[in-house]
Amino acid sequence: DAGVIQSPRHEVTEMGQEVTLRCKPISGHDYLFWYRQTMMRGLELLIYFNNNVPIDDSGMPEDRFSAKMPNASFSTLKIQPSEPRDSAVYFCASSLGGRQPQHFGDGTRLSIL
Amino acid sequence: KNQVEQSPQSLIILEGKNCTLQCNYTVSPFSNLRWYKQDTGRGPVSLTIMTFSENTKSNGRYTATLDADTKQSSLHITASQLSDSASYICVVSLNTNAGKSTFGDGTTLTVKP
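First, a word on scope: everything that follows refers to the structure included in this document. Just so you know, these numbers come straight off a predicted model, no measurement behind them.

Rules of the game
Residues numbered from 1 in each chain as written. Chains lettered and ligands numbered in written order. Predicted model: local features only at pLDDT ≥ 70, side-chain atom pairs only at ≥ 80, totals over all residues. Heavy atoms only, no water. Helix = DSSP H or I, 4+ residues; strand = E, 2+ residues; numbered from the N terminus. Buried < 20%, exposed > 50% of the residue type's maximum accessible area, 1.4 Å probe, protein only. Pairing = 2+ DSSP bridges. Axes fitted to C-alpha atoms, helices over the stretch in contact; angles between N-to-C directions. Phe/Tyr/Trp six-rings, centres within 6.5 Å; stacked < 30°, edge-to-face > 60°. Lys NZ or Arg CZ within 6 Å of the ring centre and 35° of its normal.

### Some points on the environment of A:Asp63
All names here are of chain A.
- Note that Asp63 resides in the loop between β6 (53-56) and β7 (65-71).
- Overall, Asp63 belongs to the exposed group, its relative accessible area being 81%.
- Between the alpha carbons of Asp63 and Gln80 there is a distance of 8.6 Å; along the sequence they are 17 residues apart.

### Some thoughts on the pairing of strand β4 (residues 30-38) of chain B
All names here are of chain B.
- Among the 9 residues in β4, 9 count as buried, and that is most of the element.
- Here 8 bridges tie β4 to strand β9 (residues 86-94), and the two strands are oriented antiparallel to one another. Pairing of Phe30 across the sheet is with Leu94, part of β9.
- Of the strand pairs in this sheet, β4 and strand β5 (residues 45-51) are connected by 6 bridges, and their pairing is antiparallel. Residue pairing in the sheet places Tyr36 in a bridge with Ser46 of β5.

### Quick notes on the sheet that holds strand β7 (residues 62-67) of chain B
All names here are of chain B.
- One open sheet accounts for 5 strands, arranged β1-β3-β8-β7-β6; its pairing is antiparallel. Each of the sheet's edge strands pairs with one partner strand only, and the pair in question is β1 (4-7) and β6 (56-59). Strand-to-strand twist of the sheet, defined as the mean angle between neighbouring strand axes without regard to direction, takes the value 15°.
- As judged from the 6 bridges shared by strand β3 (residues 19-25) and strand β8 (residues 72-77), these two strands associate in the antiparallel manner. Paired with Cys23 across the bridge in β8 is Ser73.

### Some remarks on the packing of aromatic side chains
- In total, this model carries 10 aromatic pairs over all chains according to the counting rule given.
- Between A:Phe33 and A:Tyr35 the ring centres are 6.1 Å apart and the planes differ by 25°, which places this aromatic pair in the stacked class. With respect to class, A:Phe33 is no different from A:Tyr35; both count as buried.
- Here the guanidinium or amino end of B:Arg61 rests over the ring plane of B:Tyr62, the centre of that ring lying 5.7 Å away.

The structure is reproduced here in structure tokens:
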């Protein structure tokens, strides 16, 4: 079975632009997570969904960040407008059950100039 | 405050040697503890998962232990290989929020020939 697929792998854009990150979870998994990883703060949970419904978005840093999961096989994380401090690696993960091991994608490395 | 602290921050060992990584947590109420391995440029990969009642869990040359009374866990790597060079992250899940976990900052292991 294919793992979690994220796109793009790398994104470089200028401050103020809209950025959309995409994720395809493992088929059959009912939980989807978005994380951000930086050297300073490590891995931080931004938001997670259960059966396509956002459950906890307390980690979303600002209103500039939004996430959607229109169906069980697709999710997006959008940043509008982007700022240099948003530069990080963004991971998507999915799991079968909220407390089970999560399967991570290889991340999107985002650089905001 | 729920916290997960890992030590050492970094470790260098020679190929073939054993090593032990530590994880102390204050997360409560505890649900499970997971160890992940993260290779450079990749997403974390689950190694072990342990619930309150489990003391030891093995995955090949990786053995995790859990002492729920002292809230400590360790990851022991036997007969290290160059491919073990990675960051090892300890993650503790809450019993009250299925999708929310607390991540440690990781231990960076370098195995040298």
